[in-house]
Amino acid sequence: MNRSQAIFPGSFDPLTNGHVDLVVRALSVFDRVLVAVLDNPNKETLFSVKERTAFVRESFQRQGESVQVHTFSGLLVDFAREQEVKVVLRGLRAISDFDYEAQMALMNRSLNPEIETFFLMTRERYSYISSTLVKQIAPFGGDVSSLVPPPVAAALEQKLALR
Ligand code: ADP
């Protein structure tokens, strides 16, 4: 069977309920979503790539084989070619996301014209959630349990307790 697949690339530092919702909704369009966690040694992250991939694996257990997690470094178009996937999935929250996302989509197309970027609009209730905001409020004791999946909430608590 020829499965339709999409790659959902990102830093996922950490995975949020906005990311999870996007993947779950994408599964009504694609048979399989490959969540591709960026391993960029030049970018400082709160969670290691190992921790970030574990969050994805633990949070999509219910979806079984239809959600896979990979790590990648270097160019996304090279990873897509390696995986033989032609669709890149990205999310849009507000107009402020548009500039960056358009630039990336056009750059990826110029690097490999076979790649198409699909955008899914955020769900209203997740539109204000970002990994950056989660990392900003967690150290001050802000309740993140409604913003991130349970394994992420637990890891944030543990990481902050060690500080
Ligand atoms: P990157 O560092 O590549 O932007 P992120 O992990 O921050 O990676 O985001 C990955 C993708 O998920 C991006 O396309 C981003 O717009 C989308 N995204 C992030 N948060 C949300 C949300 N709350 N709702 C919908 N899409 C989101």
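In this text the structure is predicted, and so the values were computed from the model without any measurement.

1. Quick notes on empty space enclosed by the protein
- This structure, assessed with the given rule, holds 2 cavities of 30 Å³ or more.
- Its boundaries defined by the atoms lining it, the largest cavity holds a volume of some 40 Å³.
- The wall of the largest cavity is formed by Pro9, Leu76, Val88, Arg90, Glu101, Met104, Ala105, Asn108 and Thr117.
- Of all the secondary structure elements, the ones that give two or more residues to the lining of the largest cavity are β4 (87-92) and α4 (95-111).
- In terms of residue count, the dominant contributor to the lining of the largest cavity is α4 (4 residues).
- For the second largest cavity, the calculated volume is near 30 Å³.
- Lining the second largest cavity we find Ser11, Leu38, Asn40, Lys43, Thr45 and Arg52.
- In terms of residue class, the lining of the second largest cavity is made up of 1 nonpolar, 3 polar and 2 charged.

2. Side note on helix α3 (residues 76-83)
- Among the residues of α3, those classed as buried are Leu76, Val77, Phe79 and Ala80. Projected down its long axis, α3 shows its buried positions confined to an angular sector of 160 degrees, all on one face.
- Taken together, the buried residues of α3 touch β1 (5-10), β2 (32-38), β3 (67-72), β4 and α4.
- Positive phi appears at Glu84, one or two residues downstream of α3, with a value of about 60 degrees.

3. Quick word on the pattern of salt bridges
- If you walk through the whole model with that rule in mind, you get 9 salt bridges.
- A salt bridge links Asp21 to Arg123, with the shortest nitrogen-to-oxygen separation between them at 2.9 Å. With Asp21 in helix α1 (residues 17-26) and Arg123 in the loop between β5 (116-121) and α5 (131-137), this residue pair connects regions lying 102 residues apart in the sequence.
- Residue Glu116 pairs with Arg109 through a salt bridge whose shortest N-O separation is 3.7 Å.
- Residue Arg109 is classed as partly exposed on the basis of its relative accessible area of 41%.
- What emerges from the salt-bridge pattern is a single network uniting Asp21, Arg25 and Arg123.

4. Details of the packing of aromatic side chains
- All told, the structure shown has 4 aromatic pairs when counted by the stated rule.
- Seen in terms of ring centroids, Phe30 and Phe118 are 5.6 Å apart; in terms of plane orientation they differ by 75 degrees. Their pairing is edge-to-face. In this pair, Phe30 sits in the loop between α1 and β2 while Phe118 sits in strand β5, placing the two residues 88 residues apart along the sequence.
- The exposure class assigned to Phe30 is buried, which follows from its relative accessible area of 8%.
- The class of Phe118 is partly exposed, set by a relative accessible area of 40%.

Scoring rules and cut-offs
Residues numbered from 1 in each chain as written. Predicted model: local features only at pLDDT ≥ 70, side-chain atom pairs only at ≥ 80, totals over all residues. Heavy atoms only, no water. 1 Å grid on protein atoms, 1.4 Å probe; cavity = no way out; pocket = protein on both sides within 12 Å on 5 of 7 lines; lining within 4 Å. Points joined across faces, edges and corners; volume = space filled by probe spheres on them. Helix = DSSP H or I, 4+ residues; strand = E, 2+ residues; numbered from the N terminus. Nonpolar A, V, L, I, M, F, W, Y, C, P; charged D, E, K, R; others polar. Buried < 20%, exposed > 50% of the residue type's maximum accessible area, 1.4 Å probe, protein only. Arc of directions from axis to C-beta. Contact = heavy atoms within 4.5 Å. Salt bridge = Lys/Arg side-chain N within 4 Å of Asp/Glu carboxyl O. Phe/Tyr/Trp six-rings, centres within 6.5 Å; stacked < 30°, edge-to-face > 60°.

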